[in-house]
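Notes for the structure review
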Amino acid sequence: RNEYNKTTEKIEGQISNSLSEQLANAQNSNEQFRIFEKFNKLIKRNRVQNAIQEYQTELVNSITHSISELKDKLYGGYAASTATQMSRIKGIPEVSGEIIWMNQFKRKAEMYKKKISIVLGENWEVLNEGKKIKDLIEHIVKKAGTINKLTEEWNREAISFDKNSSGNDKILEIVTKQSGYEL
């Protein structure tokens, strides 16, 4: 039993050192996320957690900052976003563009949930930092959840358009003349 504990401590020490070294040599936060993902199951170990705490804090702050920026963009509104201009250029109707835009916020919020889970572990929601991030993410998802109202509005507009249209409305009329055809 004593030999087992010594061996376990030795291996944990080696893993902690290797993990710290890899995180220190990482070029950017994306590399750090990949390293955390690779060693995710070991984060629970006290010795490993102590070795990586500095990097965890750094990445948690990065995620929190990104989520706050995402929230600010969402509250800026679709009309003020660059997505509005892109939708117009691409010929996407405004309601459709806003639905697409809101869906992107939901996807990004889910991505941040996965990232924080990688950094803090599976039970990230019960930790203090995790609770704050969870609240921010839920706030974004709730706000982006107004997509259902937009979809219903779009549906009503489409139905009213169908009711106002006889179904026989011509888009183009081709008239035959002696000199050829005319639209």
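Refer to the structure printed above.
Quick summary incoming for the structure in this document. Numbering of residues begins from 1 in every chain and follows the order in which that chain's sequence is written. Local features in this predicted model are restricted to residues whose pLDDT is 70 or higher, and side-chain atom pairs enter the listing and the counts only when it is 80 or higher, whereas totals over whole chains, interfaces and linings include all residues. The basis for the side-chain values is all heavy atoms of the structure; hydrogens and waters are excluded.

Here we take up the packing of aromatic side chains. The geometry of an aromatic ring pair comes down to the distance between the two centres and the angle between the two planes. Note on ring pairs: Phe, Tyr and Trp rings are taken, using the six-membered ring of Trp, and paired if centres are within 6.5 Å. Classes follow the plane angle, with under 30 degrees stacked, over 60 edge-to-face and the rest tilted. Applying the stated criterion to the full structure yields two aromatic pairs. Ring geometry for Trp101 and Phe105: centres 4.7 Å apart, planes at 80°, overall edge-to-face. Of this pair, Trp101 and Phe105 both sit in helix 5 (residues 94-120), four residues apart, which is roughly one turn of the helix. An aromatic cluster of at least three residues, connected via ring pairs, comprises Tyr78, Trp101 and Phe105. Secondary structure follows DSSP: runs of H or I at least 4 residues long count as helices, runs of E at least 2 residues long count as strands, and numbering of each begins at the N terminus.

Turning our eyes to something else, we now look at the packing of helix 2 (residues 29-38) against helix 5. In this analysis, axes come from line fits to C-alpha atoms, helices being fitted only over the stretch in contact, and the angle between any two N-to-C directions falls in the range 0 to 180 degrees. Viewed as axis vectors pointing N to C, helix 2 and helix 5 meet at an angle of 60°, and their least axial separation amounts to 8 Å. Regarding the angle of helix 2 to helix 5, the classification is oblique. Both helix 2 and helix 5 take part in a crossing whose hand is left-handed. Along the contact surface, helix 2 presents Asn30, Phe33, Phe36 and Glu37, while helix 5 presents Lys115, Ile118 and Val119. Here the contact of helix 2 with helix 5 is composed, by residue class, of four nonpolar, one polar and two charged. When an angle is under 35 degrees it counts as roughly parallel; over 145 it counts as roughly antiparallel; between 65 and 115 it counts as roughly perpendicular; any other value is oblique. In this scheme, a crossing is called left-handed if the near helix is turned counterclockwise away from the far one by less than a right angle; it is called right-handed if the turn is clockwise. Whether two residues are in contact is decided by their heavy atoms: any pair within 4.5 Å suffices. Residue polarity is assigned by list, with Asp, Glu, Lys and Arg as charged and Ala, Val, Leu, Ile, Met, Phe, Trp, Tyr, Cys and Pro as nonpolar; anything else, Gly included, falls into the polar class.

When a carboxyl oxygen of Asp or Glu lies within 4 Å of a side-chain nitrogen of Lys or Arg, that pair is called a salt bridge. Within the structure shown, the criterion is met by four salt bridges. Among the salt bridges present, the one from Glu110 reaches Lys113, with a minimum N-O distance of 3.6 Å. Of this pair, Glu110 and Lys113 are both found in helix 5, three residues apart, which corresponds to roughly one turn of the helix. Remark: exposure states derive from per-residue accessible area (1.4 Å probe, protein chains only) relative to the maximum for the residue type, with buried under 20%, exposed over 50%, and partly exposed in between. Given a relative accessible area of 37%, Glu110 falls into the partly exposed group. A residue is classified by how much of its surface remains accessible, and Lys113, at 27% relative accessible area, is partly exposed.

A few words on helix 2. Among the residues of helix 2, Gln32, Phe33, Ile35 and Phe36 are the ones counted as buried. Here the buried residues of helix 2 occupy an arc of 160° about the axis, which is enough to place them on one side. Seen from the buried face of helix 2, the exposed residues on the opposite side, beyond 90 degrees, are Arg34, Glu37 and Lys38. Structurally, helix 2 contributes buried residues whose contacts are with helix 1 (2-25), helix 3 (46-76) and helix 5. The directions from the helix axis to the C-beta atoms are what the arc is built from.

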